[in-house]
Amino acid sequence: AQSVTQLGSHVSVSEGALVLLRCNYSSSVPPYLFWYVQYPNQGLQLLLKYTTGATLVKGINGFEAEFKKSETSFHLTKPSAHMSDAAEYFCAVSSLPMEYGNKLVFGAGTILRVKS
Amino acid sequence: NAGVTQTPKFQVLKTGQSMTLQCAQDMNHEYMSWYRQDPGMGLRLIHYSVGAGITDQGEVPNGYNVSRSTTEDFPLRLLSAAPSQTSVYFCASSFGRAGNEQFFGPGTRLTVL
């Protein structure tokens, strides 16, 4: 069965500092991987995804993530944090590519706090 | 495009009451799903549908029913609410194949007393 582990339920950074949110996955075949962001009292919004091809994926709002198969990781980074980045971030793994349907398995989430 | 809409935004029920959470999308997506979000547990899949007339169970289906009579609508029914069903519920939709972006509704916050 597929699973996702996000290290650190809360991460605090200063404005302008590097953001690093960690995600490790478990999957029997190369997975499709996603990062979603949830702002307070809102639904989830896609930041970026990895399906095939280049392992360094760029997303919205200056975020990027690198798929590392050998480490089974998909960590999310942003070079310089902004106050508006404060939110909860979810890593997710998708259904196996040969299956029909688009089920997602989510990690527990990481709340990012940005200090001024 | 309204995207994915959910009603109501908030609901308080007493134990044993029933209700239906509504979800609609206007993007002609085949795939629709319901998740519940609980603190420290991320989102967990309740039920999903790959098209009109086709539904299946997710990770936490007990206490919930679904049906899909049209492409646009995917209601979630609680037949006899329990305090353990206090949660935030999200509906999502996408095109059918794995790897497609899922679009989420704004959520319904449900409290069962």
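Sequence positions are assigned chain by chain, starting from 1 and proceeding in written order. Chains and ligands are labelled sequentially in the order written, the chains with letters from A and the ligands with numbers from 1. Selection of residues for local features in this predicted model requires a pLDDT of at least 70, selection of side-chain atom pairs for listing and counting requires 80 or more, and totals for whole chains, interfaces and linings are taken over all residues. Heavy atoms throughout the structure, all of them, feed into the side-chain values; hydrogens and water do not.

The next thing to look at is the interface of chain B and chain A. The contact criterion used is simple: two residues touch if any of their non-hydrogen atoms lie within 4.5 Å. Across the boundary between the two partners, chain B contributes 25 residues, which contact 26 residues of chain A. For the pair chain B and chain A, the two sides together bury roughly 1,900 Å², of which 54% comes from carbon and sulfur. Buried area adds together the accessible area that both of two parts lose upon being put together, with accessible area traced by a 1.4 Å probe. Broken down residue by residue, the surface that chain B buries against chain A is led by B:Ala98, B:Gly99 and B:Phe104, which jointly contribute 26%. We define a salt bridge as a side-chain nitrogen of Lys or Arg found within 4 Å of a carboxyl oxygen belonging to Asp or Glu. Where chain B touches chain A, the interface holds zero salt bridges. N or O atoms closer than or at 3.5 Å make up a polar contact, with two conditions inside protein: a donor-capable atom paired with an acceptor-capable one, and, for residues adjacent in sequence, both atoms drawn from side chains. In this assembly, chain B and chain A are joined by nine residue pairs in polar contact (both at pLDDT 80 or more). Residue assignment for the side of chain B that touches chain A shows that the elements contributing at least two residues are strand E4 (31-37), strand E5 (43-51) and strand E9 (87-94) of chain B. The dominant element in the side of chain B that touches chain A, judged by the number of residues it contributes, is E5(B), at four residues. Put simply, DSSP H or I for four residues or longer makes a helix, DSSP E for two residues or longer makes a strand, and each gets a number counted from the N terminus.

It is worth spelling out the nonpolar core at this point. Residue and element names in this part refer to chain A. Buried Ala, Val, Leu, Ile, Met, Phe, Trp, Tyr and Cys residues form a nonpolar core when they are joined through side-chain atoms within 4.5 Å. Each residue is assigned to one of three classes by its accessible area relative to the maximum for its type, calculated with a 1.4 Å probe on protein chains only: buried under 20%, partly exposed between the two thresholds, exposed over 50%. With 27 residues, the main nonpolar core has Trp35, Leu48, Leu76 and Tyr89 as its most contacted residues. Those elements giving two or more residues to this core turn out to be strand E2 (10-14), strand E3 (19-26), strand E4 (33-38), strand E5 (44-50), strand E7 (64-68), strand E8 (73-78), strand E9 (87-94) and strand E11 (110-115). Once you skip the residues sitting within four places of it in the chain, Leu48 turns out to touch Leu33, Phe34, Trp35, Val57, Lys58, Gly59, Phe63, Glu64, Ala65, Phe74 and Leu76.

Another aspect to go through is the environment of A:Leu20. Residue and element names in this part refer to chain A. One can find Leu20 in strand E3. For Leu20, a relative accessible area of 30% corresponds to the partly exposed category. Sequence separation between Leu20 and Pro40 is 20 residues, and the spatial gap between their C-alpha atoms is 20 Å. Other than its neighbours up to four places away in sequence, Leu20 contacts His75, Leu76 and Thr77.

Any functional reading would require information beyond the geometric quantities listed.
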